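# Commentary on secondary and tertiary structure
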Amino acid sequence: MAQTDTKNKVVERIGYITRVQSFSACHRLHSPTLSDEQNKEIFGKCNNPNGHGHNYKVEVTVRGKIDCHTGMVMNITDLKQLIEEVVMIPLDHKNLDQDVPYFSDVVSTTENVAVYIWDNLVKRLPANLLYEIKIHETDKNIVVYRGE
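What you see is a predicted model; the values in this text were computed from it and never measured.

## Let's talk about the layout of surface pockets
Its volume calculated, the largest pocket comes out at about 280 Å³. Elements supplying a minimum of two residues to the lining of the largest pocket: β1 (14-27) and α3 (96-99). Residues of the lining of the largest pocket, tallied by class, amount to six nonpolar, eight polar and three charged.

## Regarding the side chain of Asn 47
Of note, Asn 47 is situated in the loop between α1 (36-43) and β2 (52-65). Since its relative accessible area comes to 3%, Asn 47 is described here as buried. Every residue in contact with Asn 47, bar those within four places of it in the chain, is listed here: Arg 28, Leu 29, His 30, Asn 39 and Lys 40.

## Notes on the pairing of β2
Pairing of β1 with β2, which is carried by 14 bridges, proceeds in the antiparallel orientation. Bridging from a neighbouring strand, Ser 22 pairs with Lys 57 of β2. Judged from the six bridges that link them, β2 and strand β4 (residues 130-136) form a sheet pairing that is antiparallel. Bridge pairing links Thr 61 to Glu 132 in β4.

Thresholds, definitions, all that
Residues numbered from 1 in each chain as written. Predicted model: local features only at pLDDT ≥ 70, side-chain atom pairs only at ≥ 80, totals over all residues. Heavy atoms only, no water. 1 Å grid on protein atoms, 1.4 Å probe; cavity = no way out; pocket = protein on both sides within 12 Å on 5 of 7 lines; lining within 4 Å. Points joined across faces, edges and corners; volume = space filled by probe spheres on them. Helix = DSSP H or I, 4+ residues; strand = E, 2+ residues; numbered from the N terminus. Nonpolar A, V, L, I, M, F, W, Y, C, P; charged D, E, K, R; others polar. Buried < 20%, exposed > 50% of the residue type's maximum accessible area, 1.4 Å probe, protein only. Contact = heavy atoms within 4.5 Å. Pairing = 2+ DSSP bridges.

What follows is the structure, encoded as C-alpha cells:
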C-alpha cells in the first residue's frame, strides 16, 4: 500500500541501498604517455616494475523510489549478482594491467577502477539507479565516483 501524507497525497519515498564487496588485485601505476623518470616521480613506490597489491573494499550504492508493493529500491540479491559479474569475476585475484583489457591503455589508479566499475554497472542497471561507487584502496585511501 502506498504511503500518504496528511492530505492523502501519495508520497514517493527515496531509499539508498549499499552492497559491500571485497576483492584482491595487483597493479602497477605507470602511464605510457610519461617517461620512466616522470612515472617514478609521480607514482613513487606504486610504480614498482613488479607491481603491488591491494585488498580493495568496494561499496556500490543505488538510489531510487521505494516500491510500494515490494518495499525495495531493488532486490539486493540482483545487486549482489551484478557485482559478482562486474567486479568479482573480472577483477578479483587479477593483475589489473595484464588481465583486464580496459587497463591496457588506462592507468589502473583507484579512480579509474571506480570508473571501470561504474561504466560496467550502469549498463546493467535501470536508468538513474546507480548512485555511487566507493572504493577503499587502503584504510586511509578512499575514492568516491558518482558518474560525473
